[in-house]
Amino acid sequence: MRKIIYIPLDERPCNYEFPALLAAGTDYHVVRPDLSMMGLKKRPGDIEQLWAWLFEQARDADGVIVALDTLLYGGIIPSRLHEMTEEQCGEQLEKLRQLKRINPALHVFAYQLIMRCPRYSSSDEEPDYYEDWGREIFRRGYIRHRLELGIATEEEQSELQQIEMALPESIWQDYTERRAVNLTANKRAIELVQDGAVDFMIIPQDDSAPYGLTAVDQQHIREHVKKCQQQLSVYMYPGADEVGCTLLARMINHFERRKPRVHVHFASVQGPLVIPLYEDRVLYESVKYQIMAAGGLMSPSLAEADMALCINTPGESMMESNDQGRPFLGYQVYRNLVELIEVADDIVHRLGKPCVIADVAYANGADLELLQLLRDKKLLFKLAGYAGWNTSGNTLGTCIAQGMIYAVYGNTPQHRDFLSLRYVEDGGYCAFVRRDVSDRVLPGMGYNYFSIDGQRGQIAERVRVELNQFIENHLHDPESNYEIVIDDCYMPWSRMFEVGLKTHVRDTK
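Read on for a plain summary of the structure. (Residues numbered from 1 in each chain as written. Predicted model: local features only at pLDDT ≥ 70, side-chain atom pairs only at ≥ 80, totals over all residues. Heavy atoms only, no water.)

**Things to note about the overall build of the protein**
- A tally of helices and strands in the protein yields 19 helices and 15 strands.
- Structurally, the protein occupies a C-alpha span of about 65 × 55 × 45 Å along its principal axes.
- Within the protein, residue pairs in contact and separated by at least 24 positions form 77% of the contacts whose partners lie at least 6 positions apart.
- Of the accessible surface of the protein, which amounts to about 20,200 Å², a share of 48% is contributed by carbon and sulfur atoms.
- Within the protein, the 74 negative side-chain charges are centred at a point lying 4 Å from the centre of the 54 positive side-chain charges. (Helix = DSSP H or I, 4+ residues; strand = E, 2+ residues; numbered from the N terminus. Contact = heavy atoms within 4.5 Å. Areas by Shrake-Rupley, 256 points an atom, 1.4 Å probe, with all protein chains shown as cover. Lys, Arg positive; Asp, Glu negative; His and termini not counted. Charge placed at Lys NZ, Arg CZ, Asp CG, Glu CD.)

So this is what it looks like as structure tokens:
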């Protein structure tokens, strides 16, 4: 049993739990810091305690996967709120060099986000002033970037003048100075890869756009990667909360001396060229990076591939999962969902190859029609992987990692448990129950989307009841030997965006 240390990006289940769940039933033991060391949303984790724990665990470990934002700032949200200087961040990063001094054989993978810049006004995950000035901050950076490129319209230039007159300079300065500190930390982390202290690094872009402050930072980082000649060891692409899973798959592939070849099949001709919501490039380019980051390569030939990735894409622009069911040509005419399912069925039953389904037709939730077809085809628990949550990058990284681990260890009970979690969370919660409870239940109880009655209050119990009903209506197959059971249900950040679930599959044979 190999030991892999994992420092998560934060305490939410997608970061803290998913990689450990994927490793269950394998020859790899993922050790994580106790939740008491991690933060809670805007409250940072105990950074000094986390470093001490990491060094202690490194002595007998085979590999380490570390979210640098946690070791620098205390987590993903604190990385947008901190008051650290460039010097303080540099001192913290230098500590990473100690890992290979403690254990020269240790394999070190790291990831560190580019600070996002949401296009809307909300302080839920940003500084307090973002509640009033978030959109203006985004637009100022967006238009200034386009102005530098010589493509800003007259209307945009007029809007920029109005924003610069209204937006308090102290707020802009606070925001951009923090971004500058984080950007310098990104560059110093790349130099750690150059020096060999880190073996491989991902710089994921959370909620990205083609223009704006994040896009400018991305270009600075891209140039620094090239300057350090680390293009083969530092990847940068859209994503965030799935990267722990991606690096776990890469670590396992490394130790197993595998480089899986992945054949990709899309539900629509235009699907590869769609720019997913919250991302900055066409889907096909992200798919390449996601497969490579997990330790694989794309294969044009299904016959020569080790596994298949069937991607449920829209036929044109992407919609939110809340909007599914409305008449829309991009979903009803310009894609062929039935053909995708038939291809997946053929890969599983005739070819006997691992088949993963990445459900990225919608943002922020599964395609409920796809789940129905998977149930009708008796494929729900024969897939090598499935995901359909949040962004396209989140979904791709999660299911590709699961599929690569499946390719080594097969259809274990732990694998089926993780599939059940994805169906209940991505389909049940994200695509159905979240909106239903938010619209029908919260107003009458005096709550709102961003503030409910704690992690385990009446709302969490109501969510559990509705999810059980979803399982019965949408996932249960009386002819199947498998039954999905919810073991726990809570609301990690006392809001509606995410849910914490534990599920398992009961074998009824």
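There's plenty left to go through after this.
**Considerations on the sheet that holds strand β3 (residues 63-67)**
- In space, the six strands of this open sheet follow the order β2-β1-β3-β4-β5-β6, with parallel pairing throughout. Edge strands, defined here as strands with exactly one partner in the open sheet, are β2 (28-31) and β6 (234-238). Neighbour-to-neighbour, the strand axes of this sheet turn through a mean angle of 15 degrees, independent of strand direction.
- Inspection of the sheet shows strand β5 (residues 200-205) paired to β6 by five bridges, in the parallel sense. Considered in β6, the bridge of Met-201 is made with Val-234.
- The sheet contacts of helix α9 (residues 169-194) involve β5 and β6, and relative to β5 the element is tilted by about 155 degrees.
- Across the face of the sheet, helix α12 (residues 283-293) comes into contact with β5 and β6 while running at roughly 135 degrees to β6. (Pairing = 2+ DSSP bridges. Axes fitted to C-alpha atoms, helices over the stretch in contact; angles between N-to-C directions.)

**Quick look at the pairing of β3**
- Burial of β3 is extensive: five of the five residues sit out of reach of the surface.
- Residue alternation in β3 divides its side chains into two sets, Gly-63, Ile-65 and Ala-67 and Val-64 and Val-66, and both sets are buried.
- Examined bridge by bridge, β3 and strand β4 (residues 107-111) share five bridges and lie parallel to one another. Each bridged residue has a counterpart across the sheet, and for Gly-63 the counterpart in β4 is His-107. (Buried < 20%, exposed > 50% of the residue type's maximum accessible area, 1.4 Å probe, protein only.)

**Describing the sheet that holds strand β7 (residues 261-266)**
- Strand order across the open sheet formed by five strands is β8-β7-β9-β11-β13, with parallel pairing between neighbours. For this open sheet the edge positions go to β8 (297-298) and β13 (385-387), each flanked by a neighbour on one side alone.
- Two elements, β7 and β8, share two bridges in a ladder whose sense is parallel. When the bridges of β8 are listed, Arg-261 appears paired with Leu-297.
- Contacts from helix α16 (residues 392-409) reach β7, β9 (307-312), β11 (355-359) and β13, with the element oriented near 170 degrees to β11.

**Details of the pattern of salt bridges**
- Enumeration according to the criterion identifies 47 salt bridges in this entry.
- One salt bridge connects Glu-164 with Arg-140, and the closest N-O pair in it is separated by 3.5 Å. One end of the pair, Glu-164, is in helix α8 (residues 154-166); the other, Arg-140, is in helix α7 (residues 130-148), with 24 residues separating them in the sequence.
- A relative accessible area of 6% means that Arg-140 is categorised as buried.
- Between Arg-178 and Asp-174 there is a salt bridge, with its nearest N and O atoms 3.1 Å apart. Taken together, the residues Arg-178 and Asp-174, both in helix α9 and four residues apart, mark about one turn of the helix.
- Each member of the salt-bridge network shares a partner with another, and the members are Asp-10, Arg-12, Lys-41, Arg-80, Arg-116, Asp-124, Glu-125, Glu-126, Asp-206, Asp-241, Arg-495 and Glu-498. (Salt bridge = Lys/Arg side-chain N within 4 Å of Asp/Glu carboxyl O.)

**A look at the environment of Val-360**
- Relative to the elements of secondary structure, Val-360 occurs in the loop between β11 and β12 (362-363).
- Residue classification places Val-360 among the buried positions, given a relative accessible area of 2%.
- The spatial distance from the C-alpha of Val-360 to the C-alpha of Val-31 is 31 Å, given a sequence separation of 329 residues.

**Describing the side chain of Asp-280**
- Within the secondary structure layout, Asp-280 lies in the loop between β7 and α12.
- Only 3.2 Å separates the side chain of Asp-280 from the side chain of Gln-218, close enough to count as a polar contact.
- Side-chain polar atoms of Asp-280 contact the side chain of Arg-281, separated by 2.8 Å. (Polar contact = N/O pair within 3.5 Å; in protein donor to acceptor, adjacent residues only side chain to side chain.)

**Let's talk about the packing of helix α11 (residues 243-255) against α16**
- Close contact between α11 and α16 brings their axes to 8 Å; oriented N to C, the two are set at 25 degrees. With respect to α16, the element α11 is oriented roughly parallel. Crossing handedness for the pair α11 and α16: left-handed. The segment α11 lies against α16, with Cys-245, Thr-246, Leu-248, Ala-249, Ile-252 and Asn-253 engaging Gly-397, Thr-398, Ala-401, Met-404 and Ile-405.
- Tallied by class, residues from the contact of α11 with α16 come to seven nonpolar, four polar and no charged. (Parallel < 35°, antiparallel > 145°, perpendicular 65-115°, else oblique. Left-handed = near helix turned anticlockwise from the far one by under 90°. Nonpolar A, V, L, I, M, F, W, Y, C, P; charged D, E, K, R; others polar.)

**Focus: a nonpolar patch on the surface**
- A surface patch of nonpolar side chains, about 290 Å² in accessible area, is lined by Leu-329, Val-333 and Tyr-334.
- Of note, Val-333 is situated in the loop between α13 (329-332) and α14 (337-351). (Patch = residues over 30% accessible without salt bridge, like charges linked within 9 Å, V, L, I, M, F, W, Y side chains within 5 Å.)

**Section: the packing of aromatic side chains**
- Inspection of every chain in the model, using the stated rule, returns 19 aromatic pairs.
- Between Phe-109 and Phe-200, the ring centres sit 5.9 Å apart and the planes meet at 70 degrees, which makes this aromatic pair edge-to-face. With Phe-109 in strand β4 and Phe-200 in strand β5, this residue pair connects regions lying 91 residues apart in the sequence. Note on accessibility: Phe-109 and Phe-200 belong to one class, buried.
- Seen from their ring centres, Tyr-142 and Tyr-211 are 5.7 Å apart, and the 90 degrees between their planes marks the pair as edge-to-face. With Tyr-142 in helix α7 and Tyr-211 in the loop between β5 and α10 (213-227), this pair connects stretches of sequence that are 69 residues apart.
- With relative accessibility at 16%, the residue Tyr-142 sits in the buried group.
- Taken together, the aromatic side chains of Phe-109, Phe-200, Tyr-235, Tyr-237 and Tyr-289 make up a single cluster linked through ring pairs.
- Directly above the ring of Trp-172 sits Arg-140, whose terminal nitrogen or CZ lies 4.2 Å from the centroid.
- Cation over ring: Arg-250 sits above Phe-200, and NZ or CZ is 3.5 Å from the ring centre. (Phe/Tyr/Trp six-rings, centres within 6.5 Å; stacked < 30°, edge-to-face > 60°. Lys NZ or Arg CZ within 6 Å of the ring centre and 35° of its normal.)

Shape descriptors only; they carry no functional weight alone.
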